[in-house]
Amino acid sequence: MEVIILLGEKDVGYAAAKRIGKVITSRTEPVLGLATGGSPTGTYRELVRMHQQEGLDFSRVRTFNLDEYLGLDPSHPASYCHFMRTNLFDHVNLRPRSAVVPSGMVVGQEIESYCEKYEEEIRQAGGIDLQLLGIGSDGHIGFNEPGSSLTSRTRIKNLTKRTREDNARYFSNPDEIPHHVITMGIGTIMEAREIVLIAFGKAKAAAIAAAVEGPITTSCPASILQMHPNAKVIVDEAAASLLQRAEYYRWVFDNKPDWQKDR
Ligand code: F6R
């Protein structure tokens, strides 16, 4: 796991966008795994800028989102489908059918087979080249809450009380926050060839410390990234503030050999 500590939120967004841009330009059919929420908005803003000002071409890109609230119509302003359209999809030249967000409208018996199909679609696309992740204050990735199996696949999950409270800010009426979601599993996420987890702000410091330096445990789902062969954790100073080995990570980053600098 590579830990990159940058000054602030903006730098985190730029660094993640730069890495995603690199994957887009270096592959013939790039496949991205995407996240929603407050963490990636700066990354998407920068990707849109790179498209508009530098011609970053999304026409060959396919994307799969991590998760979606169950019961929310795609046009609901708090749905992740709506989030992706307004933050990224509507502003770049992605082909509409190449950008997939799990449906929040599947119900009952359909959910299991829908989730299997979602996994199959990712496999058919050749697997995910780069998965972008945020982290919950409880250490979740996707909506794999603490206690999730570290080998889980795409499925329905119950949100914890804490996650519903954390996400209340995205809803005008807190009673509307769904209890259930569809999320890629931890096993699904771990199959991505590269993972970039981004976080900023003091509220994420404890989760980042547990994920990067704590034991690998279902109590902090993000800790499984320690087992990934190509995972980067890009954080600002505040989110890094509880890391014991922060000085070492900075040293490693500042002394990267030239041939590694673009990776
Ligand atoms: C969203 C997702 C979640 C968020 C996490 C952090 O697609 O998968 O794991 O990344 O809840 O959310 P923010 O960035 O809003 O703090």
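To be clear, the structure that these remarks concern was listed above.
Residues numbered from 1 in each chain as written. Predicted model: local features only at pLDDT ≥ 70, side-chain atom pairs only at ≥ 80, totals over all residues. Heavy atoms only, no water.

Trainee: Lay out the overall build of the protein with the relevant residues and their values.
Mentor: Counting secondary structure elements, the protein contains eight helices and 10 strands. For a compact globule of 263 residues, the expected C-alpha radius of gyration is about 18 Å, and the protein comes in at 17 Å, within 12% of that figure. The buried share of the protein, reckoned over its 263 residues, is 56%. A separation of at least 24 residues holds for 81% of the contacts in the protein among residues at least 6 apart in sequence. With 30 positive and 33 negative side-chain charges, the protein shows a spacing of 3 Å between the two charge centroids. (Helix = DSSP H or I, 4+ residues; strand = E, 2+ residues; numbered from the N terminus. Rg over C-alpha atoms; globule rule 2.2 N^0.38 Å. Buried < 20%, exposed > 50% of the residue type's maximum accessible area, 1.4 Å probe, protein only. Contact = heavy atoms within 4.5 Å. Lys, Arg positive; Asp, Glu negative; His and termini not counted. Charge placed at Lys NZ, Arg CZ, Asp CG, Glu CD.)

Trainee: Could you give an account of the sheet that holds strand β4 (residues 67-69), with specific residues and numbers?
Mentor: Pairing is antiparallel across the open sheet formed by three strands, whose spatial order is β4-β8-β7. Of all the strands in the sheet, just β4 and β7 (155-158) have a single pairing partner and so form its edges. Each neighbouring strand pair of the sheet contributes to a mean axis angle of 30 degrees, computed without reference to strand direction. Pairing between β7 and strand β8 (residues 180-183): four bridges, direction antiparallel. In the strand pairing of β8, I156 is matched with I182. (Pairing = 2+ DSSP bridges. Axes fitted to C-alpha atoms, helices over the stretch in contact; angles between N-to-C directions.)

Trainee: Account for the side chain of D236, naming residues and giving values.
Mentor: Secondary-structure assignment places D236 in strand β10 (residues 231-236). Buried charge without a partner: D236 forms no salt bridge, and the closest opposite charge is R250, 9.4 Å away. Aside from chain neighbours lying at most four places away, what touches D236 is I5, L6, L7, G8, E9, V12, A199, F200 and G201. (Salt bridge = Lys/Arg side-chain N within 4 Å of Asp/Glu carboxyl O.)

Trainee: Now, about the sheet that holds strand β1 (residues 2-6): what can you tell me, with residues and values included?
Mentor: In space, the seven strands of this open sheet follow the order β1-β10-β9-β6-β2-β3-β5, with parallel pairing throughout. Across the chains shown, the open sheet's two edge strands, defined by having one partner strand only, are β1 and β5 (99-100). Here strand β2 (residues 31-34) runs beside strand β3 (residues 62-65); their pairing, made up of four bridges, is parallel. Looking at the pairing, G33 lines up with F64 of β3. Contacting β1, β9 (194-199) and β10, helix α7 (residues 205-213) crosses the sheet at an angle of about 155 degrees to β10.

Trainee: Give me a nonpolar patch on the surface: which residues, what numbers.
Mentor: Where nonpolar side chains cluster on the molecular surface, the patch consists of Y248, W251 and V252 and spans about 360 Å² of accessible area. Residue placement: W251 occurs in helix α8 (residues 246-254). Judged by its relative accessible area of 56%, W251 falls in the exposed class. (Patch = residues over 30% accessible without salt bridge, like charges linked within 9 Å, V, L, I, M, F, W, Y side chains within 5 Å. Areas by Shrake-Rupley, 256 points an atom, 1.4 Å probe, with all protein chains shown as cover.)

Trainee: Describe the site of the ligand, listing the residues and the values that go with them.
Mentor: Lining the immediate environment of the ligand, one finds 15 residues, of which S39, D67, H140, G142 and K204 sit closest. In this structure, S39 approaches the ligand through a side-chain N or O atom, which is 2.5 Å from an oxygen atom. (Near = heavy atom within 4 Å. Polar contact = N/O pair within 3.5 Å; in protein donor to acceptor, adjacent residues only side chain to side chain.)

Trainee: Please provide a residue-by-residue account of the pairing of β10, values included.
Mentor: Counting buried positions over the six residues of β10 gives six, a clear majority of the element. The alternating pattern of β10 places A231, V233 and V235 and K232, I234 and D236 on opposite faces, both of which are buried. Inspection of the sheet shows β1 paired to β10 by five bridges, in the parallel sense. Its bridge partner lying in β10, L6 is registered against D236. Two strands pair when backbone bridges link them, and β9 and β10 are joined in this way by five bridges, in the parallel orientation. Residue pairing in the sheet places L197 in a bridge with V233 of β10. As a crossover connection, the stretch from β9 through α7 into β10 is right-handed. (Right-handed = clockwise from strand over helix to strand, strands pointing away.)

The analysis is restricted to geometry; functional conclusions fall outside its scope.
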